[in-house]
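Chain by chain, the residues run as shown.
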Amino acid sequence: NAGVTQTPKFQVLKTGQSMTLQCAQDMNHEYMSWYRQDPGMGLRLIHYSVGAGITDQGEVPNGYNVSRSTTEDFPLRLLSAAPSQTSVYFCASSFTVGGEQYFGPGTRLTVT
Amino acid sequence: DQQVKQNSPSLSVQEGRISILNCDYTNSMFDYFLWYKKYPAEGPTFLISISSIKDKNEDGRFTVFLNKSAKHLSLHIVPSQPGDSAVYFCAAVGNNDMRFGAGTRLTVKP
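Cut-offs and rules
- Residues numbered from 1 in each chain as written.
- Chains lettered and ligands numbered in written order.
- Predicted model: local features only at pLDDT ≥ 70, side-chain atom pairs only at ≥ 80, totals over all residues.
- Heavy atoms only, no water.
- Helix = DSSP H or I, 4+ residues; strand = E, 2+ residues; numbered from the N terminus.
- Buried < 20%, exposed > 50% of the residue type's maximum accessible area, 1.4 Å probe, protein only.
- Contact = heavy atoms within 4.5 Å.
- Areas by Shrake-Rupley, 256 points an atom, 1.4 Å probe, with all protein chains shown as cover.
- Lys, Arg positive; Asp, Glu negative; His and termini not counted.
- Charge placed at Lys NZ, Arg CZ, Asp CG, Glu CD.
- Disulfide = S-S within 2.5 Å.

1. Here we look at the overall build of chain B
So, step 1. For chain B, the helix and strand inventory stands at 0 helices and 11 strands.
So, step 2. Its helices and strands taken in sequence order, chain B reads β-β-β-β-β-β-β-β-β-β-β from the N to the C terminus.
So, step 3. Across its three principal axes, chain B shows a C-alpha extent of roughly 40 × 30 × 20 Å.
So, step 4. Taking all 110 residues of chain B together, 46% fall into the buried category.
So, step 5. Considering only contacts within chain B whose residues lie at least 6 apart along the sequence, 54% involve residues at least 24 apart.
So, step 6. Accessible area for chain B stands at about 5300 Å²; split by element, carbon and sulfur atoms hold 47% of it.
So, step 7. One finds the centroid of the 12 positive side-chain charges in chain B at a distance of 4 Å from the centroid of its 10 negative side-chain charges.

2. Observations concerning the state of the cysteines
So, step 1. Applying the stated rule across the entire model yields 2 disulfides over all chains.
So, step 2. Covalent S-S linkage joins A:Cys23 and A:Cys91, the inter-sulfur distance amounting to 1.8 Å. The sign of the S-S torsion, about -70 degrees, decides the handedness of the disulfide formed by A:Cys23 and A:Cys91: left-handed. Taken as a pair, A:Cys23 in strand β3 (residues 19-25) and A:Cys91 in strand β9 (residues 87-94) lie far apart in primary sequence, 68 residues in all.
So, step 3. For A:Cys91, a relative accessible area of 0% gives the class buried.
So, step 4. Two residues share a disulfide in this structure: B:Cys23 and B:Cys90, whose sulfurs sit 1.9 Å from each other. Looking down the S-S bond of the B:Cys23 and B:Cys90 bridge, the torsion is 60 degrees, so its handedness is right-handed. On the criterion of sequence distance, the pair formed by B:Cys23 in strand β3 (residues 19-25) and B:Cys90 in strand β9 (residues 86-94) is long-range, its members being 67 residues apart. Of the two residues, B:Cys23 and B:Cys90, both sit in the buried class.

By themselves, these figures tell us nothing about what the structure is for.
Next up, the structure:
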């Protein structure tokens, strides 16, 4: 089992560029989520999905899109990057909402 | 608004002693609580959890206590070991919403 994988590990974008952060899990988890971690703010939920075809907004969804076409994959799209989106992004999955979540290793994104 | 607060950004303890990490929450809809541990350059890993119907859950050296009336939970690690040095996040869950605290950096000195 690879668990939760994320690519890329590091990314630098210019303001206005778009990109997709990839996330995949091989544990057949229904629930997947994206968080961003900023100093002094902990982990904040961006978007989540309770199953293929179903997504919903979390605490800080603005500027991000998600889709869930398969159980395994949950990509996060930045539509037009802004410096405020400089952060470390974590993808996580679990069997149920609120259950023990398995986190990926993170993507460190810098927007200049 | 921070619905889950960890008011101590850092904590330092001696190896073998008890570490107590605290967490407060404001929203009474939260009914499940978890602690995660995070090492640098890695994702958080699950440590221990507690349902709101309990006031204590123990797993080896780790015990979580929940005081619902005070909206407060704490994580006790005893005895503390140098390998426990990490950032600890508490999380609260309710109505499909999960909120994390800002984390407490624990340093266990040999």
